[in-house]
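Analysis of the macromolecular model
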Amino acid sequence: EEEEEEEGMGEVQTEALVLMQMLCDYKPSLKEVVVYPPEIEAIIGKDVVSVEVIWNSVLQRRFFPIPEMCHDLADASKNKFVEEVNRDTQETKLTGLMQEAKVLYIEIKHQQILKENGLASVFSRSNQERATWISFLFALLINLLLVSFYQWKEPEISPDLLDPDGMYNGAFPNVYLAIQADAAEYEDGVQVDFACTARPCGDKMGRYEKEFYDATNTTEQLEPKLGGSDSEEALVKGLTLALNVCQCTTAIFVFVLFLVVRCPVRYEVGIQQYEMTDVKALFYTATDSMTLYYLGYVIVAIMCLSNNMYCCILLLDIIVKDSTTKDVLNAVIYPIKQLSMTLVLLVITVNIFQTVLFYNFHTEFDVGDLMSCGTMADCFVMTLNYGLRSSGGIGDMMTKSYSRQGSRWVVDLLYFLLVLIVLLNVVFGIIIDTFSDLRLQKMERLSDTFNKCFICGHEKTTFDRAYDSPKGFEMHIKQDHNMWNYVFFMIFVWEQDRDDDDGLELFVRLQVENMDVSWFPMNRAMCLVTETVEEDTVADKIEALNGDFEKMIAGQNAVMMKSNDKHFGYIERNVKVIEKKLYDVKTSMGSGPVLSADAQPETSEGLNGKKNLFNSNFSFIGNRGVATPQGDTSISRKPLDGVVPDKTARFADGVGGESGSLTDDGSVDSAGRNEKRITMLLSPPPGSRYAKVAVLGASDLAPPHLFGTSDPFIVAQVFWNDEKVGETDTIWMSQNPKWENNRTNSFQCPLWATESQNAKLAKLKVCLYHAHRRGLGHFLGQIELTWSDLQVAKNGKAKFYRLQKRTAVNKASQRMVQGEIRVAVAFSTEKEEKK
């Protein structure tokens, strides 16, 4: 009961830890508050891990407990996948991961069966890998012993039986001297062929060699033996035999391990993944290349017990264990078609030359069994064998020709050029180029393995910069995008009942069944979303809602202002028409002007200057829209000549005001409203002054590709006294954009009547924004020009101004601010503009 309670508590702790990790991920400050016991700290990152998943187009982090069975996954299986996965594209890598996850899941389940039967401690993939290396070590030791101690020991005649001339009954004292004597006769042109009677062999024997064996009466089988004394020979022979037995035993054990550990997995893969029948799956397993390889390895190991000559073949096992040696073999296997056709052409060319030699130069070969051209078959073998191996071609194996020296020179030279230089180098070139390509692919694979995230595909340097640490990439692939955590998550989903899946787990299950990689965070990572992670408190959410509300109000206000501009433009034009008609009526009647009850009397000078009581009456737009008679205070431009302004009366330039008064210099003194923003309509009245602002271009802006949109545009907005005057044309964005149309990108900003008013109220602001189809994007900077700045720039010459950041605004939202904007400012009147 205590064990069951402890096991249940472990499951509860695991689930609680998953929940706590989710809470800490939602609110990172909890990590500093929560203190885990040491045993729980050991579980974090080992038994409870996380993956990042794209669900409903949102990148999310999901914590989950690793199933206990996943700890039985062998490192050899992981390394094999990392080395052999197709890394051509990000999609092929992730597709290969999902396919391999199914195979690994079958392997893990099979390992669980072995564990339940008490066989997992012996029959495992890890033990199989160790056993193959032990077998290779035995083969290596056996070959070292053979190289160090093995030698030929031919029978020799005892020195006591030799005559004074060193001969025994006319025979040589050892076989080596006899063979040398036979070779000397062979070079002199004497060919001797005796039947081999004493020695059980099948090759030809010279005269002196036969006499030696007849004299020694040798009938035993000749073979290599171990050198040294009899005790040393026995020791080395016993050691070699022991190593051969160990080698054979290890090879059989490896084969049995492979049959128990790997073959059932391949059988299940054939049935489940390829939907084979039992017979086809059994044939699929039996004909697997590795199954046949280990079977052949056992056969060769058994043959080594009878003859040590076969032990050298076992060293070729290094090709299976090392990828570089495998590439050497693949350099011949991959281009086998090109090599085969080249060799066919080589044989055909050699046959042409041997035919020419057979018909014309067969008498110019050295006489002998191995160097004769008596038959066309012998001539072909000699031309192919000695011709390819001799540095100068077949001509090196022929005697000098004095009668036909010119024709021999042509044949020898053509053989050398065509066969040795061209065809052989073509064969070598194909092999070398293939190996070079394989080596380059291996380097690219290693670079992709160690310098790029397997899941998202981002480079190592990207994470090192994001984490501000040289180990940023290592932390990322171990914590955020650990490829094996994704395999364990798929196994976690498969092990769980389908009815227990939540929305995300069911989504991943269906995506894996359809081999869809869209749930992987390709080219995305949560650590790269923002530079800093901030918590969303209630105050932050309220502030965000307030900001959205202010944007909505500002948008409605902009629409209303645009509508008001249109309507007041109509009113202004009508006022001008009425003004002209009244003036014409007064002029034709020869009488004074018709004044309203509230109007000030006009002097004759005002009539002569074509001014009337409407000449400076126009509305004002404050921060809250159009001013009413009880609204914003209007500003006097210049009192009419001969009229003393009333300090308490309504202003001559406004439609009304309840508490404003004029000072001696014509400025406004409004009690309690000094800080209120005041501005005129953008279309100035006849004769008024205004500042004409033209936005011409910008330079050294942020590169367009940093904005992450396929349609980067740019627009500038012009503000006068904090009221929006208008905005430029929206043009295609570059680092040095230009606004070509001066008419649509120039703006009129009305000036006030006096210098003090302008010094207090006149302020120009130009803001630059990145724009896309959905509206404004990143803020690119702004400039603010005061009245003194405008006075300097009023000559109309274009000038570059450095783009500045906003104050009291989040720095992250202004990271794109850089460069300069080109603006021209000129002061003018409507009359001057018409001229």
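What counts as what
Residues numbered from 1 in each chain as written. Predicted model: local features only at pLDDT ≥ 70, side-chain atom pairs only at ≥ 80, totals over all residues. Heavy atoms only, no water. 1 Å grid on protein atoms, 1.4 Å probe; cavity = no way out; pocket = protein on both sides within 12 Å on 5 of 7 lines; lining within 4 Å. Points joined across faces, edges and corners; volume = space filled by probe spheres on them. Helix = DSSP H or I, 4+ residues; strand = E, 2+ residues; numbered from the N terminus. Disulfide = S-S within 2.5 Å. Buried < 20%, exposed > 50% of the residue type's maximum accessible area, 1.4 Å probe, protein only. Pairing = 2+ DSSP bridges. pLDDT = per-residue confidence, 0-100. Contact = heavy atoms within 4.5 Å. Axes fitted to C-alpha atoms, helices over the stretch in contact; angles between N-to-C directions. Parallel < 35°, antiparallel > 145°, perpendicular 65-115°, else oblique. Left-handed = near helix turned anticlockwise from the far one by under 90°. Core = buried A, V, L, I, M, F, W, Y, C linked by side-chain atoms within 4.5 Å. Phe/Tyr/Trp six-rings, centres within 6.5 Å; stacked < 30°, edge-to-face > 60°. Lys NZ or Arg CZ within 6 Å of the ring centre and 35° of its normal. Salt bridge = Lys/Arg side-chain N within 4 Å of Asp/Glu carboxyl O.

**Notes on empty space enclosed by the protein**
Per the counting criterion, the structure on display carries three cavities of 30 Å³ or more. Reported here for the second largest cavity is a volume of approximately 60 Å³. As for the second largest cavity, its lining consists of T132, S135, A251, V254, F255, Y293, Y294, Y297 and D317. Going through the elements one at a time, helix 6 (125-149), helix 9 (230-261) and helix 12 (289-306) are the ones with two or more residues in the lining of the second largest cavity.

**Quick look at the state of the cysteines**
Summed over all chains, the structure comprises one disulfide. Each disulfide pairs two cysteine sulfurs, and for C373 the partner residue is C379, the sulfurs being separated by 2.2 Å. Between C373 and C379, the S-S dihedral sits near -85 degrees, and the bridge is therefore left-handed. Of the two residues examined, C373 and C379, each falls in the buried class.

**Focus on unusual backbone geometry**
One non-glycine residue, N523, lies in positive phi territory at about 60 degrees. You will see that D700, though not glycine, has its phi angle at about 60 degrees, which is positive. Position of D700 relative to the elements: it lies in the loop between strand 9 (689-699) and strand 10 (713-720). Judged by its relative accessible area of 49%, D700 is partly exposed.

**Quick notes on the pairing of strand 9**
For strand 9, the tally of buried residues reaches nine of eleven residues, placing the bulk of the element in the interior. Strand direction decides the pairing type here: strand 9 and strand 13 (residues 746-750), joined by five bridges, are antiparallel. Its bridge partner being in strand 13, K692 is matched across the sheet by Q748.

**Considering the confidence of the model for the chain**
For the chain, the mean per-residue pLDDT works out to 78, and 75% of the residues sit at or above 70. For the chain, the element scoring lowest by mean pLDDT is strand 5 (residues 621-622), at 33; helix 20 (residues 483-495) scores highest, at 96. Below a pLDDT of 50 lies the segment residues 531-535, which in the model reaches six contacts outside its immediate sequence neighbourhood of four places, other chains included. Predicted confidence is poor over residues 591-687, with pLDDT under 50, and the contacts of this stretch with residues over four places away or in other chains come to 181 contacts.

**Section: the packing of helix 5 (residues 90-116) against helix 10 (residues 263-272)**
Viewed as axis vectors pointing N to C, helix 5 and helix 10 meet at an angle of 130 degrees, and their least axial separation amounts to 9 Å. Relative to helix 10, helix 5 is oriented oblique. Here helix 5 runs over helix 10; the crossing is right-handed. Residues V103, I106, E107 and H110 of helix 5 form the contact with helix 10, whose participating residues are P264, V265, E268, V269 and Q272.

**A look at the nonpolar core**
The biggest cluster of nonpolar side chains holds 41 residues, and the ones touching the most others in it are L97, I455, F489, W519 and F520. For this core, the secondary structure elements donating two or more residues are strand 1 (48-55), helix 5, helix 20 and helix 21 (503-513). Here F520 is in contact with I54, L94, L97, M98, I455 and Y486, once residues within four sequence places are set aside. V693, I714, W752 and L803 belong to the second largest nonpolar core, which has 37 residues in total.

**Some words on the packing of aromatic side chains**
Enumeration according to the criterion identifies 21 aromatic pairs in this entry. With 5.1 Å between their ring centres and 85 degrees between their planes, F713 and W732 make a pair best called edge-to-face. In this pair, F713 is assigned in strand 10 and W732 in strand 12 (residues 731-732), connecting sequence segments 19 residues apart. With relative accessibility at 23%, the residue F713 sits in the partly exposed group. We classify W732 as exposed; its relative accessible area is 53%. Three or more aromatic residues joined by ring pairs form one cluster here, namely F258, Y293, Y294 and Y297. Sitting above the plane of the W133 ring, K321 keeps its charged end 4.7 Å from the centroid.

**Looking at the pattern of salt bridges**
Per the counting criterion, the structure on display carries 25 salt bridges. For D722, the salt bridge is made with K763, and the minimal N-O distance between the two is 3.3 Å. Of this pair, D722 sits in the loop between strand 10 and strand 11 (723-727) while K763 is found in strand 14 (residues 763-772), placing the two residues 41 residues apart along the sequence. Classification of K763 as partly exposed rests on a relative accessible area of 25%. Each of the salt bridges in this network shares a partner with another, and the network as a whole consists of R87, K93, D448, K452 and E459.

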